[in-house]
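Each chain is listed here by its residues.
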Amino acid sequence: MHLFLLQKNAEVSCTKKRHIVPLEIPRSNLYKLPENKAHLVHQEQQANTDKINYQLQPFKILTSFSVISLFSHCIFIDSAIVNGVYWSEALNKVFVDNFERDPSLIWQYFGSAKGFFRQYPGIKWKPDDHGVIAFDCRNRKWYIQAATSPKDVVILVDVSGSMKGLRLTIARQTVSSILDTLGDDDFFNIIAYNEELHYVEPCLNGTLVQADVTNKDHFREHLDKLFAQGIGMLDMALTEAFNLLGDFNKTGRGSECSQAIMLVTDGAVDTYDTIFEKYNWPERKVRIFPYLIGRESAFADNLKWMACANKGYFTQISTLADVQENVMEYLHVLSRPKVIDREHDTVWTEAYIDSTSDDGQGPVLMTTVAMPVFSTKNETRNRGILLGVVGTDVPVSELLKTIPKYKLGIHGYAFAITNNGYILTHPDLRPLYGDGKKRRKPNYSSVDLSEVEWEDKDDTLRNAMVNRKTGTFSMEVTKSVDKGKRVLVLHNDYYYTDIKGTPFSLGVALSRGHGKYFFRGNVTVEEGLHDLEHPDVALADEWTYCNTDEHPKHRYLSQIEAIKMYLSGQEPRLHCDKELIQEVLFDAVVTAPLEAYWTSLVLNKSENSDKGVEIAYLGTRTGLSRINLFVVPDELTNLDFLTAEDKEGVFNADHFPLWYKRAAEQVPGTFIYSLPFNSGSENMSVVLASTAIQLLDERKSPIAAAVGIQMKLEFFQRKFWTASRQCAALDGKCSISCDDEHINCYLIDNNGFILVAEDYTLVRHTSTHLVFDAVAQSALALSLSKCWLSMYLLLSCHQTCCHSDSGSSEACPLAVIALLFPCMSFFCTRLCVHIFLVEFNLYSWWNSDLTAKAQRAGPHMQVPCDTEYPAFVSERTIKENMGNIDCDGCIKSFVIQQIPSSNLFMVVVDNKCDCSQFGPITMDPFEIMYILHLFLERLKMQKDRRRPDTCHPFHPEENSMECGGAGSLTTSLSATLLLALMALFLR
């Protein structure tokens, strides 16, 4: 068990430290004094009467303190922390018992209102480069959401002449810290004042904006533009703040709960009771929180009076180090009504990235569920004493386990959003940059559903889910795959409902033709296990066939081992998906003959004498994979394929492999060819070919599996050039061929990428080189694309920016190169026969007697920005096309023809014209440059949102006289005496 302590001011202290210093003390000599006696510290009674002695108990934990003094052999600790650590030790057993009952629990913790943090399991806290651990549980969203209710806040900042210098610097930091305490359910604005009012963002005057990350960052940028001059007219500022809160509350767009005015100033010459009497009394619905900046205390009484008269809290901030701790005081005041109501409101945070443990799994997406902990003593009820907040982290993947991927079909997925429309989980939410450094993207926790399901222009789906409705919705979507370089055009049906007991709504997307039908087969357990245990068989790592997390005894079992144990009936505590296991056993049996076929190919060396084919692979709808190597592992060209490093190439929790998905969208019996992309500019020098296996030759039939091979690019190209030299003439000679010096030939896929070209560099860099780049003229490129490809502009939010130029449009020409057609037609019918070696008939397996009928299923600086980039996909109805184009008086001709039963096209272009003055078309993303006023409209525009179900703005029994005090402005007598004592020890 580890403990973390953070505290503002010590009742007994030798020196005050405003940062956190880790302190490791062995149990054997913990707090060891010269007399070998436990040190005694004073604990002040709540009634502020006599002081009693409390014996410090030895801790079994790592501790860190913000207020700690270490000299000679003495340690002085705030008595409130000591007392809290002592009584909260009872949580240790609770945390351990919880984990034993549910091992899927990650972190369990208690954050104290006094600042210490108790966590299970414990970790060693790592200081930063300055030796400081800057963690404070009280400014975490889970703590703030659980402790307080949603709020509308107006921040008033004094920018009169007396605020120059350090005071203005402290004021800026105070405002920034206040913004840190606001969350997605809160609304705010910032007004600077002297003789006039200055909205920090002038274009957003007269309104409040949602306190999401984007809005808060925008306002922070404007804080540096504040400068001090003139005279502060606080009465004018207070009047504006009250009017702003009142008018905004009438619109129904805010929190409609707590309201507060934060006053950041170096003084007030009056109490302004006439203003409060007009706008806030007697209800006192708007709380006032003055922050006195600087060491002067002449105006402290006026500011404290404002706080006490309006149910607020007064604090003084003398240095930058005081800012964070003093800002936190207002949270405890806002928590009083909830505590007096004794409401244990459960809150759920938005998604965020964190590490599950030190086991090397890396950062994962998770949410926190938390609730307040408070004193239940009747004698202190009106004080509303918040003890802290207890919480636990829940990986989002655990929520998705209730919707198994195999039930959603190949393209189906589940997603969830918050009451504000922000994504909790979605396959297109990518919170980390893809540079291998696991860096978080800015604002990743406030990505709106409309940014990923952007085809829903009217936010129909989003708004229905925000309002917790249950229903369905349909639309055509474009999904980017293969690292964003390819696009699939799908028609999705959405089903959505709310998740009871949470602010979340859940949606499921099913692509038409997938996920609505499945089939069942029956095999014996003995048959299934026999074939499932073969070395070439693997199951999807992230799929849950059996839940091995529920019991510690099962955590080290593989899924196949767990299935065996479950089927043997020896472990009743092991919970498994019976339906999924039945189907995976069936798939293991019906795909077993493939092993013998692949083995025969390996033994028959004439079939693959030059080792052009390296891997054959199969994947089924149940996450079962079979892999056969035709070369030794060290000779593989692409070592990452079908491994965990190849995220898109394997079965994951939220998607099928890329080669499986692309094959499923082709006409049955069609082979899909592609070059895989790595993270750099070059491809992997291999070609993948795969095809889907359907039960019946119709779209409503479910896809049973996909099978494919990986071959060397050089092998594939050699087969192409050999086939291109063969013609259907009687003498076998071609009147024109790709060897002709006057033409250029290209083999391209349905997304426009080059697989074969005479210039090999175009293929090596095919991640950026489309066939358009090969011909090197944008005019011809656009002609090709308009005759054959459809272009889609894909939006990518929260990326890093790069810029590129795009060419101009041209219409499609109609000229003909008739001479090339006879040769191309003959070549296109032969290519697949020459290349694809895996011809084993897989269809017969699933159509055997074992199968039941289909049934209906239930290095530069990276700047965050939004980008847009083009992607291309061929029109299925266009099998061939031809044309020419005028390139400065020179006519350039081309022919395009599809290769049957594949996604490949042959493109032949004459090279007699030099059109190098035109630029190429690339897929480089370009930044979306928002015009300033449009950007501000985005900030001001508020999409539909749903308020939290509970609200505790005030309570009639609240004791509002605990509102801060001037006592903290002077050094305590005890602190002075201890400073003298320290000096004596240090002599």
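Keep in mind the model is a prediction, meaning the values are calculated, not measured.

Visitor: So what about the sheet that holds strand β21 (residues 413-417)? Which residues, and what values?
Guide: The five strands are arranged β22-β21-β25-β24-β23 in an open sheet whose pairing can be described as antiparallel. The sheet terminates laterally at β22 (423-425) and β23 (471-481), the two strands that pair on one side only. Pairs of neighbouring strands in the sheet enclose a mean axial angle of 35°, with direction left out of account. One ladder, built from two bridges, connects β21 with β22; its direction is antiparallel. Of the residues in β22, the one forming a bridge with Ala416 is Thr425.

Visitor: Just give me the short version of unusual backbone geometry, but keep the residues and values in it.
Guide: Looking along the chain, the bond that leaves Tyr120 and enters Pro121 is cis, with omega of -5°. With an omega of 0°, the peptide bond between Trp281 and Pro282 qualifies as cis. With a phi close to 55°, Arg342 is a non-glycine residue in the positive phi region. Locating Arg342 in the fold gives a position in the loop between α11 (336-341) and β17 (347-348). A relative accessible area of 30% means that Arg342 is categorised as partly exposed. One non-glycine residue, Arg468, lies in positive phi territory at about 60°. Within the fold, Arg468 resides in the loop between α13 (460-466) and β23. For Arg468, a relative accessible area of 18% translates into the label buried.

Visitor: I'd like a description of the packing of aromatic side chains, backed by residues and values.
Guide: Aromatic ring pairs: the centre-centre distance and the angle between the two ring planes describe each pair. One pass over the full model with this rule turns up 33 aromatic pairs. Taken together, a centroid distance of 5.5 Å and an interplanar angle of 65° make the contact between Phe289 and Tyr330 edge-to-face. Taken together, the residues Phe289 in strand β15 (residues 286-293) and Tyr330 in helix α10 (residues 329-334) connect sequence positions 41 residues apart. Taken as a pair, Phe289 and Tyr330 share a single burial class, namely buried. Every member of this aromatic cluster is reached through a ring pair, and the members are Trp543, Tyr545, Tyr617, Phe641, Phe651, Phe656, Trp659 and Tyr660.

Visitor: Could you give me a rundown of the environment of Tyr199, with the residues and numbers involved?
Guide: The topology assignment puts Tyr199 in strand β12 (residues 197-199). The spacing of Tyr199 and Val157 is 42 residues in sequence and 10.0 Å in space, taken between C-alpha atoms. Residues within four places of Tyr199 in sequence aside, it is in contact with Asn189, Ile190, Ile191, Leu204, Asn205, Gly206, Glu240 and Leu244. At 3.5 Å, the side chain of Tyr199 and the backbone nitrogen of Gly206 are in polar contact. Reaching out from Tyr199, the side chain makes a polar contact with the side chain of Glu240 at a distance of 2.5 Å.

Visitor: Mind laying out the pairing of β21, listing which residues take part and the relevant values?
Guide: Among the five residues of β21, five are classified as buried, and the element is accordingly described as predominantly covered. Residues Tyr413, Phe415 and Ile417 of β21 are buried on one face, and the alternating residues Ala414 and Ala416, pointing to the opposite face, are buried as well. Here β21 runs beside strand β25 (residues 505-511); their pairing, made up of five bridges, is antiparallel. Paired with Phe415 across the bridge in β25 is Gly507. Where β21 folds back onto β22 in an antiparallel hairpin, the turn is made up of five residues, including Gly421, whose phi is positive at roughly 85°.

Visitor: I'd like a rundown of helix α4 (residues 166-180), residues and numbers included.
Guide: When the terminal C-alpha atoms of α4 are compared, their 21 Å separation across 15 residues agrees well with the 21 Å that a helix rising 1.5 Å per residue should span. Those residues of α4 not exposed but buried are Leu168, Ile170, Ala171, Thr174, Val175, Ser176, Ser177, Ile178 and Leu179.

Visitor: Please give an account of the side chain of Thr271 that cites residues and values.
Guide: Tracing the backbone shows Thr271 in the loop between β14 (258-265) and α7 (273-279). Owing to a relative accessible area of 17%, Thr271 belongs among the buried residues under this scheme. When near neighbours in sequence (up to four residues on either side) are disregarded, Thr271 contacts Phe276, Asn302, Trp305 and Met306.

Visitor: Can you explain the state of the cysteines? Please cite residues and give values.
Guide: Under the definition given, this model contains four disulfides. Between the sulfur atoms of Cys546 and its disulfide partner Cys576 the distance amounts to 2.0 Å. Here the disulfide of Cys546 and Cys576 is right-handed, its torsion about the S-S bond being about 105°. Linking Cys546 in the loop between β27 (537-539) and α15 (559-568) with Cys576 in the loop between α15 and α16 (578-590), this pair joins segments that are 30 residues apart in sequence. Overall, the relative accessible area of 19% leaves Cys576 in the buried class. The disulfide that involves Cys738 links it to Cys745, with 2.1 Å between the sulfurs. What sets the handedness of the Cys738 and Cys745 disulfide is the S-S torsion sign, and at about -100° it is left-handed. Cys738 sits in the buried class, given a relative accessible area of 4%. The class of Cys745 is buried, set by a relative accessible area of 1%.

Visitor: I'd love a proper account of the environment of Ser445, names of residues and values included.
Guide: Along the chain, the position of Ser445 falls in the loop between β22 and α13. Beyond its immediate sequence surroundings of up to four residues, Ser445 is in contact with Val213, Glu350, Ala351 and Tyr422.

Visitor: Can you tell me about the nonpolar core, naming the residues and giving the values?
Guide: Generally speaking, a soluble globular protein has its nonpolar side chains buried in company with each other. Membership of the largest hydrophobic core comes to 55 residues, with the highest contact counts inside it found for Trp142, Leu461 and Tyr494. At five residues, the largest contribution of residues to this core is made by strand β19 (residues 363-374). For this core, the two domains that each supply at least three residues are domain 1 (61-137 + 350-393) and domain 3 (403-511). When sequence neighbours within four positions are dropped, the list of residues in contact with Leu461 reads Phe415, Leu449, Asp456, Phe473, Tyr494 and Tyr496. Of all hydrophobic cores here, the second largest spans 39 residues; its members include Ile190, Val200, Phe289 and Ile293.

Definitions and cut-offs
- Sequence positions are assigned chain by chain, starting from 1 and proceeding in written order.
- pLDDT decides what is reported in this predicted model: residues at 70 or higher carry local features, side-chain atom pairs at 80 or more are listed and counted, and totals for whole chains, interfaces and linings draw on all residues regardless.
- To obtain the side-chain values, all non-hydrogen atoms of the structure were used and water was disregarded.
- By the convention used here, strands pair only if DSSP detects at least 2 bridges between them.
- Per the convention used, a helix needs a DSSP run of H or I reaching at least four residues, while a strand needs a run of E reaching at least two, with both numbered from the N terminus.
- Whenever a helix is involved, its axis is fitted only over the stretch in contact; in every case the axis is a line through C-alpha atoms, and angles between N-to-C directions fall within 0 to 180 degrees.
- Relative accessibility under 20% of the residue-type maximum defines a buried residue, over 50% an exposed one, and the middle range a partly exposed one, all with a 1.4 Å probe and only protein chains included.
- Side-chain rings of Phe, Tyr and Trp (the six-membered ring for Trp) are treated as a pair once their centres are within 6.5 Å; stacked means planes under 30 degrees apart, edge-to-face means over 60, and tilted covers the remaining angles.
- Should any heavy atoms of two residues lie within 4.5 Å, those residues are considered in contact.
- Two N or O atoms form a polar contact when they lie within 3.5 Å of each other; inside protein one atom must be a possible hydrogen donor and the other a possible acceptor, and for residues adjacent in sequence the pair counts only when both atoms belong to side chains.
- Helix span, as expected, comes to 1.5 Å for every residue beyond the first.
- The definition used for a disulfide is geometric: two cysteine sulfur atoms within 2.5 Å.
- The definition of a nonpolar core used throughout is a set of buried Ala, Val, Leu, Ile, Met, Phe, Trp, Tyr and Cys residues joined through side-chain atoms within 4.5 Å.
- A domain assignment, automatic or from a database, supplies the domain bounds used here.

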